[in-house]
Amino acid sequence: MKVFRNNEDAFTGLEAAIVLIAFVVVAAVFSYVVLGAGFFTTQKSQETVHSGVAMASSAVEVLGDVYGIADNDGDDIKYIQFTVGLAAGASTVDMNKTVMVFSTNATVETLDKGTDKADPTAKQWTILERHNNLGGLENNMLEKDEQFVLKVMPTNSLAPYTSFNLEVKPPVGAALGIKRSVPAYTHKSTLLY
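Here goes a summary of the coordinates provided. Remember, it's a predicted structure, so these values are computed and weren't measured experimentally.

**Digging into unusual backbone geometry**
At lysine 117, a residue that is not glycine, the phi angle is positive and equals roughly 60°. Tracing the chain through its elements places lysine 117 in the loop between β6 (108–113) and β7 (124–131). In this structure, tyrosine 161 is a non-glycine residue whose phi angle is positive, near 70°. Tyrosine 161 sits in the exposed class, given a relative accessible area of 66%.

Pasting the structure below:
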């Protein structure tokens with residue numbers, strides 16, 4: 001009788017091809033996963049850069065001067081009035097979602113939006129006038145080339161030499177900071193520096 005020996009010394013071409021194909025398949029799957037993760041990361045970083053640029057640039061800017069309004073010459077400032085418009089390249093701003101924070105050395109308060117085209121009451125701000133309305137529509141969307149005259153009434157009147165900061169925070173974009181001081185003598189309409 002013939003005895004068969006189990007000899008594993010040789011590695012056949014078929015076995016080599018199977019191992020090689022297995023390595024290629026594993027490498028292909030691994031490279032697909034790595035490339036997919038790379039593309040995903042690149043897309044997320046691109047979105048982060050775009051949203052960062054949108055948030056870093058202020059959407060609104062002050063057009064012209066900031067005025068303090070008093071009842072009579074020599075009285076404390078009761079209202080603050082200024083005009084805003086869109087900054088260059090900014091997108092439309094919904095003024096209904098805009099938040100205003102008024103602060104002095106003594107107080108910090110968030111102002112509520114009051115009734116448009118009317119003087120605000122204490123701790124309110126309003127859109128007093130609209131200029132360059134697109135298509136004649138009167139809405140609270142500040143769009144390209146439009147200008148809104150805003151009127152603000154803090155809780156307390158501002159005495160001479162009082163410094164204040166008014167932050168206009170649109171829903172998208174950086175806050176607009178307006179820092180001014182009341183001069184020594186006031187008129188019914190006083191330019192604030």
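**Some remarks on the pattern of salt bridges**
Counted under the stated rule, the structure contains four salt bridges. In this structure, aspartate 116 and arginine 130 form a salt bridge, with 2.9 Å as the shortest nitrogen-oxygen distance. Taken together, the residues aspartate 116 in the loop between β6 and β7 and arginine 130 in strand β7 connect sequence positions 14 residues apart. Here aspartate 116 falls in the partly exposed class, since its relative accessible area comes to 21%. Residue arginine 130 is classed as buried on the basis of its relative accessible area, which comes to 15%.

**Remarks on the packing of aromatic side chains**
Counted according to the given criterion, the structure contains one aromatic pair. Centroid distance phenylalanine 102 to phenylalanine 164: 5.5 Å. Interplanar angle 25°. Geometry classified as stacked. Linking phenylalanine 102 in strand β5 (residues 99–103) with phenylalanine 164 in strand β10 (residues 163–169), this pair joins segments that are 62 residues apart in sequence. By relative accessible area, which is 1% here, phenylalanine 164 ends up buried. Its end group placed over the ring of tryptophan 125, lysine 113 keeps NZ or CZ at 5.5 Å from the ring centre. The side chain of lysine 151 reaches across the aromatic face of tyrosine 79, ending 4.4 Å from its centre.

The rules behind these values
Residues numbered from 1 in each chain as written. Predicted model: local features only at pLDDT ≥ 70, side-chain atom pairs only at ≥ 80, totals over all residues. Heavy atoms only, no water. Helix = DSSP H or I, 4+ residues; strand = E, 2+ residues; numbered from the N terminus. Buried < 20%, exposed > 50% of the residue type's maximum accessible area, 1.4 Å probe, protein only. Salt bridge = Lys/Arg side-chain N within 4 Å of Asp/Glu carboxyl O. Phe/Tyr/Trp six-rings, centres within 6.5 Å; stacked < 30°, edge-to-face > 60°. Lys NZ or Arg CZ within 6 Å of the ring centre and 35° of its normal.

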